[in-house]
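Observations on the model geometry
Listed below, chain by chain, are the residues.
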Amino acid sequence: MKIAISSTGDEIESLADQRFGRAKGFIIYDLETGDYKYNDNLQNLESSQGAGIQAAQNVVNENVEAVITGHCGPKAFKVLSAAGVKIYTGAEGTINELIEKFKNNELRQAENADVEGHWV
Amino acid sequence: MKIAIASGKGGTGKSTIAVNLAYYLSEYKDKKISLLDCDVEEPNCHIFLKPEIINREKIFLSIPDIDNEKCTGCGKCVEICRFNSLALVKNKIMVFPELCHSCGGCWLVCPEKAISKAQREVGELIDGKSYSLNLTYGKTRIAEPMSPPLINAVKKWGKDFDIQIIDCPPGTSCPMIAGIEGTDYVILVTEPTPFGLYDLKLAVEVVRKLGFKFGIVINKSSHNDHLIENYAKSEDIDLLAKLQDNRSIAKVYSKGEVILEKLPEYKELFKNLYEGISSN
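Residues numbered from 1 in each chain as written. Chains lettered and ligands numbered in written order. Predicted model: local features only at pLDDT ≥ 70, side-chain atom pairs only at ≥ 80, totals over all residues. Heavy atoms only, no water.

**Remarks on the sheet that holds strand β2 (residues 25–30) of chain A**
Strands in a sheet are paired, the pairing made by backbone hydrogen bonds, and the direction either parallel or antiparallel. Residues and elements named next belong to chain A. Short version of the rule: Two strands are counted as paired when DSSP detects at least two bridges linking them. A helix here means a DSSP run of H or I that spans at least four residues, while a strand means a run of E at least two residues long, and both kinds are numbered starting from the N terminus. Axes, fitted as lines to C-alpha atoms, cover a helix only where it is in contact. Angles between the N-to-C directions of the axes lie from 0 to 180 degrees. Contact definition: two residues touch when any of their heavy atoms are within 4.5 Å.
Ordered in space as β3-β2-β1-β4-β5, the 5 strands form an open sheet in which the pairing is mixed. At either end of the open sheet lies a strand with only one pairing partner, and these are β3 (36–40) and β5 (86–88). The sheet shows a mean angle of 20 degrees between the axes of neighbouring strands, direction not considered. Note that strand β4 (residues 66–68) and β5 share 3 bridges and pair parallel. Across the sheet, residue V67 finds its bridge partner in β5, namely I87. Of the strands in this sheet, β1 (2–7), β2, β4 and β5 touch helix α4 (residues 95–103), which is tilted by about 140 degrees from β1.

Here's what the structure looks like:
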């Protein structure tokens, strides 16, 4: 099972990014093997609109089953939910801390978007 | 001739200048004059002109409608969409219509012809007559983020008039550019304040980059005019006119009346403004 965590950097010790659509990047972590990679999110940082949708599309394309992030808006939430990806908001701390919390079931799964969209 | 009235900053007096310039020109009986209020999120010209409404038309934007029977989930439409209004999830396309700019890319690239055009209402076009001029304006649907299609519809409505005065939305982004596009001259209305100057500079950057002829009008002209004058001089930009910040104008304005109708002594100013533009 793979998970995606919005990240401010490309290291496993990097801090989680509070933003989803306009996160600096994503750490894609494989829970079985412990392997991870970093995908930068530059394209969406610079896009004028729909960053959440596109970021969601990108993590869905990575076949992750869960996303851990600070906040998630309604459009990203819609895409992730349609793909059956579980969303955990309120992420604080480093990526490896969050992975541990996830493994120990200490993260709260979001049932709704927790912030407003930025467009309409 | 198409004359756009624009500004960087809001509230500088675009509509005041647009309404009175159109009113002044309407006294030339041999020309058909149309004022096109393209500030479609907050149109105001009709408040001054109180037109008799002749036409109302809903304006729509084409958005993609996916036929799930034909769609194979190839994702080509998602790939071409620069506005992130499509996503491909579990082999199905999700559409976020409020983000669609109706560029048409998706229905062109779809190899299965699975995308047809659905319509989304963006607002209403309202057209009427006032004095001896025509006024057309747009009103966006509440919460509508996409104003350029409505702006374009308003401009198209005025295309057969000899002189078209286009009152543009403030700012320097898509709606403003949709307003000035295709015009022969852009009047940038500013006020002599640091805010007016700052936003004027942004607007000048836009019109220069796009290659428009343009000049500046100072509204609410005061002892601070040097702020704008020095800038115009250093950049070699025409200063077309100055409309004073005085109580008699403010009174007429605050009653929603046309300045030139109540204070005809200002006709000379609009005459000079128009001549300054048409000699360009």
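Having seen the structure, we can now continue with the description.
**With respect to the interface of chain A and chain B**
Spelled out, the test is: Put simply, buried area is how much 1.4 Å-probe accessible surface two parts lose in total, over both of them, once they are put together. We define a salt bridge as a contact between a side-chain nitrogen of Lys or Arg and a carboxyl oxygen of Asp or Glu at a distance within 4 Å. Polar contact is defined as a pair of N or O atoms within 3.5 Å, subject to the rule that within protein one atom must be able to donate a hydrogen and the other to accept it, and that residues adjacent in sequence are counted only when both atoms are side-chain atoms. Note that Gly is not counted as nonpolar here; it falls among the polar residues with everything else outside the nonpolar set of Ala, Val, Leu, Ile, Met, Phe, Trp, Tyr, Cys and Pro and the charged set of Asp, Glu, Lys and Arg.
Of the residues lining the interface, 16 residues belong to chain A; the matching set on chain B comes to 15 residues. With both chains or domains summed, chain A and chain B bury close to 1400 Å², and 62% of this area falls on carbon and sulfur atoms. Linking chain A with chain B are 0 salt bridges. Across the contact surface, chain A and chain B share 6 residue pairs in polar contact (both at pLDDT 80 or more). Among the secondary structure elements, those contributing two or more residues to the side of chain A that touches chain B are α2 (51–61) and α3 (74–82) of chain A. Classifying every residue of the side of chain A that touches chain B gives 7 nonpolar, 7 polar and 2 charged.

**A word on the packing of aromatic side chains**
All names here are of chain B. Note the threshold: Put simply, two rings from Phe, Tyr or Trp (the six-membered ring, in Trp's case) pair if the centres are within 6.5 Å, and we call them stacked under 30 degrees between planes, edge-to-face over 60, tilted for the rest. Residue burial is assigned from relative accessible area. The probe radius is 1.4 Å, only protein chains are included, and a residue is buried under 20% of its type maximum, exposed over 50%, and partly exposed in between. Two thresholds decide whether a charge sits over a ring: the Lys NZ or Arg CZ must be within 6 Å of the ring centre and within 35 degrees of the ring normal.
Applying the stated criterion across every chain yields a total of 5 aromatic pairs over all chains. Between Y23 and Y131, the ring centres sit 5.0 Å apart and the planes meet at 90 degrees, which makes this aromatic pair edge-to-face. In this pair, Y23 sits in helix α1 (residues 14–25) while Y131 sits in the loop between β6 (115–130) and β7 (133–140), placing the two residues 108 residues apart along the sequence. Taking the relative accessible area as the measure of exposure, Y23 reaches 9% and is therefore buried. Each ring, one from Y24 and one from Y28, has its centre 5.8 Å from the other, and the planes form 90 degrees; the classification is edge-to-face. Judged by its relative accessible area of 7%, Y24 is buried. Take Y28: its relative accessible area is 34%, and that puts it in the partly exposed class. Over the ring of F161 we find K32, and its NZ or CZ is 5.2 Å from the ring centre.

**Some remarks on the layout of surface pockets**
Note the cut-off: A 1.4 Å probe that fits but cannot get out identifies a cavity on a 1 Å grid over protein atoms alone, an open set with protein on both sides within 12 Å along at least five of seven lines counts as a pocket, and a residue lines either if it has an atom within 4 Å of a point. Grid points are joined across faces, edges and corners, and a volume is the space filled by probe spheres set on the points.
Volume-wise, the largest pocket comes out at about 460 Å³. Sorting the residues of the lining of the largest pocket by element identifies α1, α2 (45–49), β10 (214–221), β11 (238–244) and α9 (247–254) of chain B as the ones contributing at least two each.

**Here we look at the sheet that holds β6 of chain B**
Residues and elements named next belong to chain B. Taking strand neighbours across the sheet as the criterion, the 9 strands line up as β3-β6-β7-β2-β8-β1-β9-β10-β11 in an open arrangement whose pairing is mixed. Of all strands in the sheet, those with a lone pairing partner are β3 (52–66) and β11, marking the two edges. Averaged over neighbouring strand pairs, the angle between their axes works out to 20 degrees when direction is ignored. Sitting on the sheet, helix α8 (residues 226–235) touches β9 (185–190), β10 and β11, and the angle it makes with β10 is about 170 degrees.

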